[in-house]
Amino acid sequence: MCLAIPAKVIEVDKGVGKVDFGGVLRTVRLDLLEDVKSGDYVLVHVGFAIEKLDEEEAIECFKIWGAYGDTRA
Amino acid sequence: MEIHELKNRINDPRVIENLLKAIRKLSDRIGPVRIMHVCGTHEHEIVRFGLRSLLPQEVEIISGPGCPVCVTPKRDIDRAIFLADRCIITTYGDMYRVPSNSGSFEAATSEGNDIRVVYSITDALDIAANEDKEVIHFGIGFETTSPASAAVLIDQPRNFSILSVHRLIPPALSFLLSPGEAKVDALLNPGHVSTIIGTEVYEDISKKFRIPQVVTGFEPADILLGIYMVMKQINEGRCEVENGYKRAIKREGNRKAQKILKEVFYIKDAEWRGFPEILDSGYGIRDKYEEWDALKKFEDELGDFVYEDQGEKGCRCGEVLRGLIKPEECGLFREVCSPSNPVGACMVSSEGACNIAFKFG
């Protein structure tokens, strides 16, 4: 139930955003977030963006566990 | 970087293997541990990816009350069904087949009531805008879902109200950790609930109950990282709240969503299916928004609503939700109770522990 799917914001228009779930487009409400811009990644739950995703943090968090930067090895 | 690339990098086999190595090493040092998660999506992903089979035998992962559908009391479903003869009821899909005393939303629909499944509460608003009949949205869900309910009430929609059955996670954690309940050594806290409430709210729980907690994401590597982090805390004798899902969660949570929640809801004691009433664990709608509170709007009609709990003979969903038994330990599991013929709520939702155990077990 608390499933939230990451999506890329394509357009923002008055509190509503068009987002891309890897090819599937949908409009979502942006009421719960401040300053969402096109190009941001957000987590979407029941039609609302609930948080922005921080890509840098994701990479940083798992850096020590893998051989990042050497993905073809 | 696109989302799928990020997922691939996080779940790189080398990352998984390194995490497992570290977990095995810690397990040798600390011996048997019981780690509870309280999120249906965590259980689903743990079982789907077979993560339990990769862990040392001494590391036991148990499922807590993380499925909002499963903890919704039958009384509330019956109350909505009672109002269905004069309104359109909208509900999230997981709720549709959950058994109550008077049947289920599905059974009530087959009897001629208009009960519709929606993906978002905004779909319920669209229905209200296009129909003459009143629309009541059955508002289930934890802190992840309740801000959406709050946000639409701020817009004061026409023809629309919410029956709020929203619940809060931290009070349930305190209940579970109170003496006599499930014996757990550490908690994996729910990632998406925490996007809204943050990690700070769990700090008192760690202090009071001396328990390590890690807020955990949903990729296999996220879940293994959460397990590693709580085991590391156990090994070092720490009882803290740590964030294993920093790409989505801030310590203070989503302040804007919290403000919207506070504007619309007040906190009240609430019943959970399988639990006694839990202090400060439910969201009621404030008087300012009573025009959109189905309990107030239909107060006169609900005066005739009578509820008498009939129980389900032999069903042990309550104990499953409290982490006291595994689904397979219930005498009805698989024999009498199955997803096509569910007895208890945990067998219905795709995030119910019994449904997951049936599907993948």
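Here's a quick rundown of the structure. Sequence order sets the numbering: in each chain, residues are counted from 1 along the sequence as written. Chains carry letters and ligands carry numbers; both start at the beginning, A for chains and 1 for ligands, and go up in the order they are written. Local features in a predicted model are, by the rule used here, given only for residues with pLDDT of at least 70; side-chain atom pairs are given and counted only at 80 or more, and totals for whole chains, interfaces and linings are based on all residues. Side-chain descriptors were evaluated using all non-hydrogen atoms of the structure, hydrogens and water having been removed beforehand.

Some words on the sheet that holds strand 8 (residues 213-216) of chain B
Residues and elements named next belong to chain B. Overall, parallel pairing links the 5 strands, which are arranged 2-1-7-8-9 in an open sheet. Each edge of the open sheet carries a strand with a single partner, namely strand 2 (59-63) and strand 9 (241-243). On average, adjacent strands in this sheet sit at an angle of 25° to one another, irrespective of strand direction. Where strand 1 (residues 33-37) lies against strand 2, 5 bridges are found, and the strand directions are parallel. By the bridge assignment, V33 is partnered in strand 2 with V59. Two strands are counted as paired when DSSP detects at least two bridges linking them. Comment: elements are numbered from the N terminus, with helices defined as DSSP H or I runs of at least four residues and strands as E runs of at least two. For every element, the axis is a line fit to its C-alpha atoms; helices are fit only across the contacting stretch, and the angle between N-to-C directions ranges from 0 to 180 degrees.

What about the pairing of strand 8 of chain B?
Both faces of the sheet carry side chains from a regular strand, because those side chains alternate between them. All names here are of chain B. Where burial is concerned, the two faces of strand 8 agree: the one with Q213 and V215 and the one with V214 and T216 are both buried. Note: strand 7 (residues 186-190) against strand 8, 4 bridges, orientation parallel. Pairing of P190 across the sheet is with T216, part of strand 8. One ladder, built from 3 bridges, connects strand 8 with strand 9; its direction is parallel. Bridging across to strand 9, V214 finds its partner in E242. Each residue is assigned to one of three classes by its accessible area relative to the maximum for its type, calculated with a 1.4 Å probe on protein chains only: buried under 20%, partly exposed between the two thresholds, exposed over 50%.

Some remarks on the state of the cysteines
All names here are of chain B. The disulfide definition used here is simple: a pair of cysteine sulfur atoms within 2.5 Å. By the definition in use, this model includes 1 disulfide over all chains. The disulfide that involves C67 links it to C70, with 2.4 Å between the sulfurs. Looking down the S-S bond of the C67 and C70 bridge, the torsion is 70°, so its handedness is right-handed. Sulfur of C330: no disulfide; nearest cysteine sulfur belongs to C315 and is 5.9 Å away. Note on C354: no disulfide assigned, nearest cysteine sulfur contributed by C346 at a separation of 4.7 Å. Accessibility expressed as a relative area gives 7% for C354, which makes it buried.

Quick look at the nonpolar core
Residue and element names in this part refer to chain B. By convention a nonpolar core is built from buried Ala, Val, Leu, Ile, Met, Phe, Trp, Tyr and Cys residues, the set being connected through side-chain atoms within 4.5 Å. F105, F138, L153 and F160 are the most contacted members of the largest nonpolar core, which totals 109 residues. Top element by residues in this core is helix 10 (residues 169-177). It accounts for 6 residues. Residue contacts follow a heavy-atom distance rule, with two residues in contact if any of their heavy atoms lie within 4.5 Å. Excluding residues within four positions of it along the chain, F138 makes contact with T72, D76, I77, A80, T90, T91, M95, F105, L163 and V165.

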